[in-house]
Amino acid sequence: MNPRRMSRPVQIGRTTIGGGAPIVVQSMTKTDTRDIMSTIAQIKELEDYGCELVRVAVPDAEAAGAIRDIKKSVSIPIIADIHFDFRLALKALEAGCDGLRLNPGNISDPEKVSTIVKKAKERNVPIRIGVNAGSLPEAGNRSLTIAEQMVNAALQQVRLLESLDFDLIKVSLKAFDVPATIQAYQMIAQKISYPLHIGITEAGPPRTGVIRSTAGISTLLYLGIGDTIRVSLTAHPREEVSAGYEILKSLNLRQHGPVLVSCPSCGRTEVNLVELAGAVEKELARIDKPIKVAVMGCVVNGPGEARDADIGIACGKGRGVLFKKGKKLRTIEEKDFLAALMSEVEDMTG
Ligand code: SF4
């Protein structure tokens, strides 16, 4: 794994992005921002799942104003997602947003951008230059690759913000195409030192979207690129947060909640392992402390993995051996597997 690219830190509310800070997991609400109560409820749920930064859509002035009330009831920083109308950015800043996301594809007029930047600077509010392959600036050079066009669009706006003496900048370059996205981030990582928000846009529903996002985000993280991630899914945003942490845990970049090791099961398995692993995964979703749990189907790899975990079970015919911190605890009947495992997990994390 490459060493992490050293980026300059940007402070967004209580959260630091870049500069060697832990890679931040973020998401975006799917409620109507004008529906303040529903938006607060969804953000609180995301906070419980470990979301560290949340973006809300700002389609009109009422949504921009709603940020003021939403902020009173939530703890994580709120980013206002602005498109087309620069005045919405001004209203969101007045309402106390912690960060702005601007899309150079639909707000590019230097005068309008500079009005936003002036106000953001007064309030010390960072701006993400969020380029999306689906909304590249009209003036872009179509003979270039998508990756090159995205990089150019971002650099143009970076230079504009720098000319206004503004450096609270984050950048993202998202496309649905994974290789194009990776190329774009590799290119821009050589050219600027601002923190990078990484993700694959419009990745789809969870079954395919998590895989597509993981292919892109993990490759970049392995290359040392990325300071904050968002897994974009056509699903409840809690799925985005869970998937984000799973990616970071898989690369040993963050610890967050349990890790479940389970074998795929095979012709040797003599218990209902698929059902057991599914039930354990569901139960573990409510645990927020780091713990490694192993659910193994037989004696081939079972005792080794179960011993290596904080708590594990190696199953045999209708029975299983429970291991805790490498030591054999006892033999249990299949009907007691779930309860016994979870009771040990509760003991260790409670
Ligand atoms: Fe099959 Fe045993 Fe390997 Fe599980 S641990 S996949 S049951 S051989």
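Residues numbered from 1 in each chain as written. Predicted model: local features only at pLDDT ≥ 70, side-chain atom pairs only at ≥ 80, totals over all residues. Heavy atoms only, no water.

Draft legend 1. Just the pattern of salt bridges, in detail. Scanning the entire structure with this criterion turns up 26 salt bridges. Here the salt bridges share partners, and the residues they tie into one network are Arg4, Arg5 and Asp227. (Salt bridge = Lys/Arg side-chain N within 4 Å of Asp/Glu carboxyl O.)

Draft legend 2. View of the packing of helix 1 (residues 36–48) against helix 2 (residues 61–73). Running from amino to carboxyl end, helix 1 crosses helix 2 at an angle of 40 degrees, the nearest separation of the two axes being 10 Å. Looking at the two axes, helix 1 sits oblique to helix 2. Pair helix 1 / helix 2 crosses with right-handed handedness. Across the interface between the two elements, Ile36, Thr39, Ile40, Ile43 and Lys44 of helix 1 pack against Ala66, Asp69, Ile70 and Ser73 of helix 2. Residue composition of the contact of helix 1 with helix 2, grouped by class: 5 nonpolar, 2 polar and 2 charged. (Axes fitted to C-alpha atoms, helices over the stretch in contact; angles between N-to-C directions. Helix = DSSP H or I, 4+ residues; strand = E, 2+ residues; numbered from the N terminus. Parallel < 35°, antiparallel > 145°, perpendicular 65-115°, else oblique. Left-handed = near helix turned anticlockwise from the far one by under 90°. Contact = heavy atoms within 4.5 Å. Nonpolar A, V, L, I, M, F, W, Y, C, P; charged D, E, K, R; others polar.)

Draft legend 3. Main features of the packing of aromatic side chains. Throughout the structure, instances matching the rule amount to 0 aromatic pairs. The ring of Phe176 carries Arg212 above its face, with NZ or CZ at 3.8 Å from the centroid. (Phe/Tyr/Trp six-rings, centres within 6.5 Å; stacked < 30°, edge-to-face > 60°. Lys NZ or Arg CZ within 6 Å of the ring centre and 35° of its normal.)

Draft legend 4. Main features of the sheet that holds strand 11 (residues 258–262). Across the sheet, which stays open at both edges, the 5 strands sit in the order 11-12-13-14-15 with mixed pairing between neighbours. The open sheet has two edge strands with one neighbour each: strand 11 and strand 15 (327–333). Pairwise comparison of adjacent strand axes, ignoring direction, gives a mean angle of 20 degrees for this sheet. Of the pairings in the sheet, the one linking strand 12 (residues 291–296) to strand 13 (residues 311–315) comprises 4 bridges and is parallel in character. Among the inter-strand pairings, Val293 is bridged to a residue of strand 13, identified as Ile311. Across the sheet, helix 9 (residues 273–284) is in contact with strand 11, strand 12 and strand 13; its angle to strand 12 comes to roughly 165 degrees. Where helix 11 (residues 337–349) meets the sheet, its contacts fall on strand 12, strand 13, strand 14 (319–324) and strand 15, and the angle it forms with strand 13 comes to roughly 160 degrees. (Pairing = 2+ DSSP bridges.)

Draft legend 5. Fine view of the site of the ligand. In the vicinity of the ligand, the contacting residues are Cys263, Pro264, Ser265, Cys266, Arg268, Thr269, Met296, Gly297, Cys298, Val300 and Asn301. Of the residues belonging to the shell around the ligand, the class tally is 6 nonpolar, 4 polar and 1 charged. (Near = heavy atom within 4 Å.)

Draft legend 6. Spotlight on the packing of helix 1 against helix 8 (residues 237–250). In contact at an axis separation of 9 Å, helix 1 and helix 8 are set at 20 degrees when each is read in the N-to-C sense. In this view, helix 1 runs roughly parallel relative to helix 8, as classed from their interaxial angle. Every pair of crossing elements has a handedness; the one defined by helix 1 and helix 8 is right-handed. Every residue of helix 8 that contacts helix 1 at Gln42, Glu45 and Leu46 is listed here: Pro237, Arg238 and Val241. Residues that form the contact of helix 1 with helix 8 fall into these classes: 3 nonpolar, 1 polar and 2 charged.

Draft legend 7. Structural detail: the domain arrangement of the chain. Assigned domains within the chain: domain 1 (10–250) and domain 2 (259–349). In this structure, domain 1 and domain 2 have C-alpha centres spaced 39 Å apart. (Domains from an automatic or database assignment.)

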